[in-house]
Amino acid sequence: MKAVFLRDLRLAFRAGGGVGLGLAFFLIVCTLVPFGVGAGGDILSRIAPGIMWVGALLACLLSLDRIFALDGEDGSLDLLATAPLPLEGVVLAKAAAHWVTTGLPLVVAAPLFGLLLHLPTPALPWLLTSLALGTPALSMLGAFGAALTVGVRRGGLLLSALVLPLYIPTLIFGAETVRLGAAGQDPATPLALLAGITLAVVAAIPFAAAAALRVNLR
Amino acid sequence: MAPLLTVTMLAVARGGRRAVEGVSFQLDPGAALILRGPNGIGKTTLLRTVAGLQDPVEGRIDLVPDSVAYAGHADGLKGALTVAENLAFWAQLFGAGRAQVDAALRALDLGDLADRPAAMLSAGQRRRLGLARLLVTGRPLWVLDEPTVSLDAASVLLFASAVRAHLACGGAALIATHVDLGLPEAAVLDLTPYRADPARPAGRAPASFDEAFG
């Protein structure tokens, strides 16, 4: 599993690997919104939690099709399926690599980008916490979508249509955590629910994604 | 000595249609079997079934679990990684060490290319790297689909000697090909007589939910 994880990390950092693309996209979203709604602080700081979370979600979506599509095209997936590592382990390792190259940079950069959106200072730690707890679920669900669409040519759009609805619970509780934090209230409840969703997804999705891969390999 | 692979009255299907049926053969350690037959008869499907990538429609495949090293039409190489890195990844996955990687590079004459990105290789060199992967898997049963495509005459000889060394160590090889591999000692099985009757159904009804978990 470590071998697959390290290989995906290495590939992401090589030419054409696309590390940092999600982060750049996230920055652009956070920059564009003030141009669109006006830089007047009040409206912006009220919608900031939602914008930050929607932005993070879309940034995650960008690189999802890389998880399995490239390996499917060049035949690596067939070879991985005959390797000693079970496909469930392959899914877990690849989703983890996706999170490290896409989710983790978002988590680290989000408080800084929050300033662009006038996000109230008390909300910043909650933004960091909620993204840290929520983005692993985004990578994991994305791996499931990528496994379903691995044989489909130009499957990116189909992948988005499949995966975005699955992101809704994470979005609701993630944005709610930040909103409560911004309002100075206690966000423990949505945060606990957010963590619960992530745990359930990490526990269940490897099996679902591996089953989807087995069907697609035939 | 127990056979490495026993195939009994096997029928395989591609896209819901039977390809070949009633195929039986046995592979003992040290033996190689070459599958022949016209395009589309189901050589690749048969090999993928033996490799465990799909289920047989009928019949049995008996082999030791985790004994198959499969090499298909695609080599599974990453252009952004060097030759040595590509090979080291598979070695790590299959639990082989640095020494086996070096030996595999030498065996297929890739030593000089070790630090070259795989994207810079020619088609024949890529193929050789794909075959070198077999050596680091340490698996006894090689299942090879058209292994010598784009290899030049010297490389075909290299490949033949790699297969021979593998057989001498008690391994076995099942190879689908149209060309002469330089392995006169290998048995040949022509699949033409086993072509399935297209009117017959492909077997079990497809697309039950549970098939994903079989």
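Being a predicted model, the structure only gives us computed values, none of them experimental.

*Asks:* Would you mind going over the overall build of chain A with me for this structure?
*Replies:* Helices and strands together make up the secondary structure of chain A, namely 10 helices and 0 strands. When the helices and strands of chain A are read in sequence order from the N terminus, they spell out α-α-α-α-α-α-α-α-α-α. Computed over C-alpha atoms, the radius of gyration of chain A comes to 18 Å, within 12% of the 17 Å expected from 2.2 N^0.38 for 218 residues, which places it in the range of a compact globule. Taken across its 218 residues, chain A has 50% of its residues classed as buried. For chain A, the proportion of contacts with a sequence separation of at least 24, taken over those separated by at least 6, is 82%.

*Asks:* For this particular structure, what's the right way to read the domain arrangement of chain B?
*Replies:* Interface extent is often summarised as the accessible area lost during association of the parts. All names here are of chain B. When the domains of chain B are assigned, the result is domain 1 (1-67 + 140-214) and domain 2 (77-138). One C-alpha centre belongs to domain 1, the other to domain 2, and the line joining them spans 24 Å. Contacts between domain 1 and domain 2 engage 10 residues on the former and 10 residues on the latter. For the side of domain 1 that touches domain 2, the element with the most residues is helix H5 (residues 153-168), which contributes 4 residues.

*Asks:* Sorry if this is basic, but what is going on with helix H10 (residues 188-217) of chain A here?
*Replies:* At 3.6 residues per turn, the α-helix brings residues three or four places apart onto the same side. Over its 30 residues, H10 of chain A runs 43 Å from end to end, which matches the ideal 44 Å to within 8%, given 1.5 Å per residue. The sharpest bend along H10 of chain A comes to roughly 40 degrees, located at isoleucine 205 of chain A, with the proline proline 206 of chain A sitting one to four residues further on.

*Asks:* Got a minute to help me understand the environment of alanine 109 of chain A in this structure?
*Replies:* Here alanine 109 of chain A shows up in helix H6 (residues 87-116). When the C-alpha positions of alanine 109 of chain A and valine 19 of chain A are compared, they lie 14 Å apart, and in sequence the two are 90 residues distant.

*Asks:* Would you take a moment to explain the sheet that holds strand S8 (residues 141-145) of chain B for this structure?
*Replies:* Strand pairing in a sheet is mediated by backbone hydrogen bonds. Such pairs are either parallel or antiparallel. All names here are of chain B. Read from one edge to the other, the open sheet built from 5 strands follows the order S7-S8-S9-S5-S10, with strand pairing classed as parallel. This sheet does not close on itself; its edge strands, each paired only once, are strand S7 (68-71) and strand S10 (187-190). The mean angle between the axes of side-by-side strands here comes to 15 degrees, regardless of whether they run parallel or antiparallel. One ladder, built from 5 bridges, connects S8 with strand S9 (residues 172-176); its direction is parallel. Bridging from a neighbouring strand, aspartate 145 pairs with alanine 176 of S9. Across the face of the sheet, helix H4 (residues 123-137) comes into contact with S7 and S8 while running at roughly 170 degrees to S7. With respect to the sheet, H5 is in contact with strand S5 (32-36), S8 and S9, its orientation differing from that of S9 by roughly 145 degrees.

*Asks:* Teacher, can you tell me more about the packing of helix H2 (residues 83-93) of chain B against helix H3 (residues 98-107) of chain B here?
*Replies:* In helix packing, the relevant descriptors are the interaxial angle and the interaxial distance, both defined with respect to the helix axes. All names here are of chain B. As a packed pair, H2 and H3 sit with axes 10 Å apart at the nearest point and diverge in direction by 130 degrees. On the basis of the axis angle, H2 is oblique to H3. The handedness of the crossing between H2 and H3 is right-handed. Residues Ala84, Leu87, Ala88 and Ala91 of H2 pack against Gln100, Val101, Ala104 and Leu105 of H3. Of the residues that constitute the contact of H2 with H3, the class distribution is 7 nonpolar, 1 polar and no charged.

*Asks:* I'm lost on the nonpolar core in this one. Help?
*Replies:* Generally speaking, a soluble globular protein has its nonpolar side chains buried in company with each other. The biggest cluster of nonpolar side chains holds 130 residues, and the ones touching the most others in it are Met52, Ala56, Ala143 and Ala147 of chain A together with Leu87, Ala132 and Val143 of chain B. Ranked by the residues each element gives to this core, the list is headed by H6 of chain A, at 13 residues. Both of domain 1 (1-67 + 140-214) and domain 2 (77-138) of chain B provide at least three residues apiece to this core. Ignoring any residue separated from it by four or fewer positions in sequence, one finds alanine 143 of chain A in contact with Ile67, Val91, Lys94, Ala95, His98, Ile205 and Ala209 of chain A.

About the criteria used
Residues numbered from 1 in each chain as written. Chains lettered and ligands numbered in written order. Predicted model: local features only at pLDDT ≥ 70, side-chain atom pairs only at ≥ 80, totals over all residues. Helix = DSSP H or I, 4+ residues; strand = E, 2+ residues; numbered from the N terminus. Rg over C-alpha atoms; globule rule 2.2 N^0.38 Å. Buried ≥ 20, exposed ≤ 12 C-beta atoms within 10 Å, placed from the backbone. Contact = placed C-beta atoms within 7 Å. Domains from an automatic or database assignment. Expected span 1.5 Å × (residues − 1). Bend = angle between axes of the 7 residues up to and from the residue. Pairing = 2+ DSSP bridges. Axes fitted to C-alpha atoms, helices over the stretch in contact; angles between N-to-C directions. Parallel < 35°, antiparallel > 145°, perpendicular 65-115°, else oblique. Left-handed = near helix turned anticlockwise from the far one by under 90°. Nonpolar A, V, L, I, M, F, W, Y, C, P; charged D, E, K, R; others polar. Core = buried A, V, L, I, M, F, W, Y, C linked by C-beta atoms within 7 Å.

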